[in-house]
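Listed here are the chains, written in short residue letters.
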Amino acid sequence: MDFFKYIHAVGTGVKGNRDLTFEESKAMMEEILKQNVHNEQIAAFLLGWRLKPETTDEFRGVVEASNLFIKKRAVANSIELGYPFDGKANNPFIFPLVAKVLENSELNLVVAGDDLVPAKAGITLKEVATNIELNKNLHYFDRADFFKEMHDLTPLRMRLGLRTGLNTIEKLTKVANSDYAITGVFHKPFVQKYIDTFASRYKRLALIQGNEGTPELFSKGRLWIADGNDVEEIIIDPEYYGINYTKSWERITLQESLEQVNNPSAEFLKLARLNAAVYLFVAQKAATINEAYEKLSESLS
């Protein structure tokens, strides 16, 4: 295959660039994942693709190609939490505490981790998940095991040192065949791109303005719920629930992150409860976030 045609499509400037079709994107990604392409060509394409920029049809083609390689293991009654693979730099992960809050709720949490990719240089989910005891309702999948082809691109991506379109599409893999999923989003324009790319793969998809691009709510933000073609927007404010957690704006170490999970403050525990309530609502196990939060508060009192 002449991979150069894909580089040409994204790397010849404003006048010469063109969008790839769904079929072209799928074929392009298959070639990359099979490593039938030189590393220099892969890097050139990823950089040009980011600058062009990417389209929804291209994202959908890449997701479809990736799905051919992912080794799945179903987890019943689960919600997939789509985390970025560039980690968290300034705040601890809260998902292990959320799992503890949900241990009697019959809702399983699915998370995936891997080695660090560009560009935040944060603490990875994998580092936390492999250095702490996980609740039975928290299912960790290592990408090196279930999607080795994408994992093997990590050294190349680190040498490139920049975010690419892969950062956007890699967060939701459907590795556990979950009916529900939630992932973080930085900018509102990406909400519709995520919905158009991923909503058809789940019974219900949610996007949230989470901390550092994760599906973890640490401060006031928006939640978008996609049910078919309908999108509902909800504003969630921790202060409404009496939560006064203060986010950090300085880098923390892995040890500091683990310490806050192992010995959480009262406010951090309440924040975990609110995130758990959001996940119950997304997974249609509660009619509202308020109802879920109240039920969890009663069960933990």
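Residues numbered from 1 in each chain as written. Predicted model: local features only at pLDDT ≥ 70, side-chain atom pairs only at ≥ 80, totals over all residues. Heavy atoms only, no water.

## As for the overall build of the chain
Phase 1: Along its length, the chain carries 14 helices and seven strands.
Phase 2: For the chain, whose C-alpha radius of gyration is 19 Å, the value lies close to the compact-globule estimate of 19 Å for 301 residues.
Phase 3: Taking the principal axes of the C-alpha coordinates as reference, the chain spans close to 65 × 40 × 35 Å.
Phase 4: With 301 residues in all, the chain has 57% of them scored as buried.
Phase 5: When contacts within the chain are restricted to residue pairs at least 6 apart in sequence, long-range pairs at least 24 apart make up 74% of them.
Phase 6: Looking at the chain as shown, the accessible area adds up to about 13300 Å², and 48% of this sits on carbon and sulfur atoms.
Phase 7: Of the side-chain charges in the chain, 36 are positive and 41 negative, and the distance between the mean point of each set is 2 Å. (Helix = DSSP H or I, 4+ residues; strand = E, 2+ residues; numbered from the N terminus. Rg over C-alpha atoms; globule rule 2.2 N^0.38 Å. Buried < 20%, exposed > 50% of the residue type's maximum accessible area, 1.4 Å probe, protein only. Contact = heavy atoms within 4.5 Å. Areas by Shrake-Rupley, 256 points an atom, 1.4 Å probe, with all protein chains shown as cover. Lys, Arg positive; Asp, Glu negative; His and termini not counted. Charge placed at Lys NZ, Arg CZ, Asp CG, Glu CD.)

## Considering the side chain of Glu30
Phase 1: Among the secondary structure elements, Glu30 is positioned in helix α2 (residues 22–33).
Phase 2: Sequence-distant contacts of Glu30, that is, excluding residues within four places in its chain, are made with Ala65, Leu68 and Phe69.

## Things to note about the packing of aromatic side chains
Phase 1: Using the criterion set out here, one finds 14 aromatic pairs in the structure.
Phase 2: Between the aromatic rings of Tyr241 and Tyr293, the centroid separation amounts to 4.8 Å while the plane-to-plane angle is 55°, which identifies the pairing as tilted. Remark: Tyr293 occurs in helix α14 (residues 289–300) and Tyr241 occurs in the loop between β7 (230–236) and α12 (254–262); sequence separation between them is 52 residues.
Phase 3: Looking at Tyr241, the relative accessible area reads 16%, which means it is buried.
Phase 4: Consider the rings of Tyr245 and Phe268, whose centres lie 5.2 Å apart with planes at 25°: the pair is stacked. Placement of Tyr245 in the loop between β7 and α12 and of Phe268 in helix α13 (residues 266–282) is noted, with a sequence separation of 23 residues between them.
Phase 5: Positioned over the ring face of Phe93 is Lys88, at 5.5 Å from the centre of the ring.
Phase 6: Above the ring of Phe190, the side-chain terminus of Lys193 is found at 5.3 Å from the ring centroid. (Phe/Tyr/Trp six-rings, centres within 6.5 Å; stacked < 30°, edge-to-face > 60°. Lys NZ or Arg CZ within 6 Å of the ring centre and 35° of its normal.)

## Some details on the pattern of salt bridges
Phase 1: Counting across every chain of the model gives 22 salt bridges.
Phase 2: Across the pair Lys148 and Asp152 runs a salt bridge whose closest N-O atoms are separated by 2.8 Å.
Phase 3: Among the residues examined, Lys148 registers a relative accessible area of 44% and is labelled partly exposed.
Phase 4: Here Asp152 falls in the partly exposed class, since its relative accessible area comes to 32%.
Phase 5: Counted as one network, the salt bridges with shared partners bring together Asp86, Lys120, Arg163 and Glu212. (Salt bridge = Lys/Arg side-chain N within 4 Å of Asp/Glu carboxyl O.)

## Description of the packing of helix α1 (residues 4–11) against helix α3 (residues 39–51)
Phase 1: Interhelical geometry of α1 versus α3 gives an angle of 30° and a closest axis separation of 8 Å. When the axis of α1 is compared with that of α3, the two are roughly parallel. Here the hand of the crossing between α1 and α3 comes out left-handed. Side by side, α1 and α3 meet where Tyr6, Ile7 and Val10 of the first sit next to Gln41, Ala44, Phe45, Gly48 and Trp49 of the second. (Axes fitted to C-alpha atoms, helices over the stretch in contact; angles between N-to-C directions. Parallel < 35°, antiparallel > 145°, perpendicular 65-115°, else oblique. Left-handed = near helix turned anticlockwise from the far one by under 90°.)

## Let's talk about the environment of Ser248
Phase 1: Note that Ser248 resides in the loop between β7 and α12.
Phase 2: Here the alpha-carbon distance between Ser248 and Pro92, two residues 156 residues apart in the chain, equals 9.1 Å.
Phase 3: Discounting residues that sit within four places of it in the chain, Ser248 has contacts with Asn90 and Asn91.
Phase 4: Side-chain polar atoms of Ser248 contact the backbone oxygen of Asn90, separated by 3.2 Å. (Polar contact = N/O pair within 3.5 Å; in protein donor to acceptor, adjacent residues only side chain to side chain.)

By themselves, these figures tell us nothing about what the structure is for.
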